[in-house]
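Fold and geometry: a report
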Amino acid sequence: MLFMEISTWEPENRDKVVEHFKKLKMPSGIKVVNQWIDLTGCRYFMLYECDDAETFGAFNLPWSDICYIDTVPVMESKEFIKLMMTKH
């Protein structure tokens, strides 16, 4: 399943976030599709695949002390339209 994640942090946590990124190791089961940084600061976007809740939690929990994480399950619109066409 695909997830779009938006992580935000307070400006005073910038250095802690940078340190987390330096040590970041993706757990087995997380496949990053792409990542973007907000050039205006304090926001990071990531699109990734993950198939189970345990891996999802292991990936996000280490960030919960310094970031607000908003994660949304997503699907490409053409795939969604195709899916909806088969339902009707």
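Structural notes, computed from the coordinates.

What counts and what doesn't
- Residues numbered from 1 in each chain as written.
- Predicted model: local features only at pLDDT ≥ 70, side-chain atom pairs only at ≥ 80, totals over all residues.
- Heavy atoms only, no water.
- Helix = DSSP H or I, 4+ residues; strand = E, 2+ residues; numbered from the N terminus.
- Contact = heavy atoms within 4.5 Å.
- Polar contact = N/O pair within 3.5 Å; in protein donor to acceptor, adjacent residues only side chain to side chain.
- Patch = residues over 30% accessible without salt bridge, like charges linked within 9 Å, V, L, I, M, F, W, Y side chains within 5 Å.
- Areas by Shrake-Rupley, 256 points an atom, 1.4 Å probe, with all protein chains shown as cover.
- Salt bridge = Lys/Arg side-chain N within 4 Å of Asp/Glu carboxyl O.
- Buried < 20%, exposed > 50% of the residue type's maximum accessible area, 1.4 Å probe, protein only.
- Pairing = 2+ DSSP bridges.

1. Quick notes on the environment of Glu10
- Position of Glu10 relative to the elements: it lies in the loop between strand E1 (2-8) and helix H1 (14-23).
- Non-local contacts of Glu10, meaning those with residues more than four positions away in its chain, are made with Cys42 and Tyr68.

2. Thoughts on unusual backbone geometry
- Although it is not a glycine, Cys42 adopts a positive phi angle of roughly 65°.
- Turning to its location among the elements, Cys42 is positioned in the loop between strand E2 (31-37) and strand E3 (43-49).

3. Side note on the side chain of Asp38
- You can see Asp38 is positioned in the loop between E2 and E3.
- Within polar-contact distance, the side chain of Asp38 engages the side chain of Thr40 at 2.6 Å.
- Once residues within four sequence positions are removed from consideration, Asp38 is found in contact with Arg43 and Phe45.

4. What to know about a nonpolar patch on the surface
- On the surface, Met75, Phe80, Ile81, Leu83 and Met85 cluster together to form a nonpolar patch covering roughly 510 Å² of accessible area.
- Tracing the backbone through its elements, the reader meets Met85 in helix H3 (residues 77-87).

5. Here we look at the pairing of E1
- Covered by surrounding structure in E1 are Phe3, Glu5 and Ser7 only, the residues Leu2, Met4, Ile6 and Thr8 on the alternate face being uncovered.
- The sheet contact formed by E1 and E3 spans seven bridges and is antiparallel. Note on E3: the bridge partner recorded for Ile6 is Phe45.
- With seven bridges connecting them, E1 and strand E4 (residues 68-74) associate as antiparallel partners. The residue bridging Thr8 from the neighbouring strand is Tyr68, located in E4.

So, to be careful, I would describe these as geometric facts and stop short of saying anything about function.
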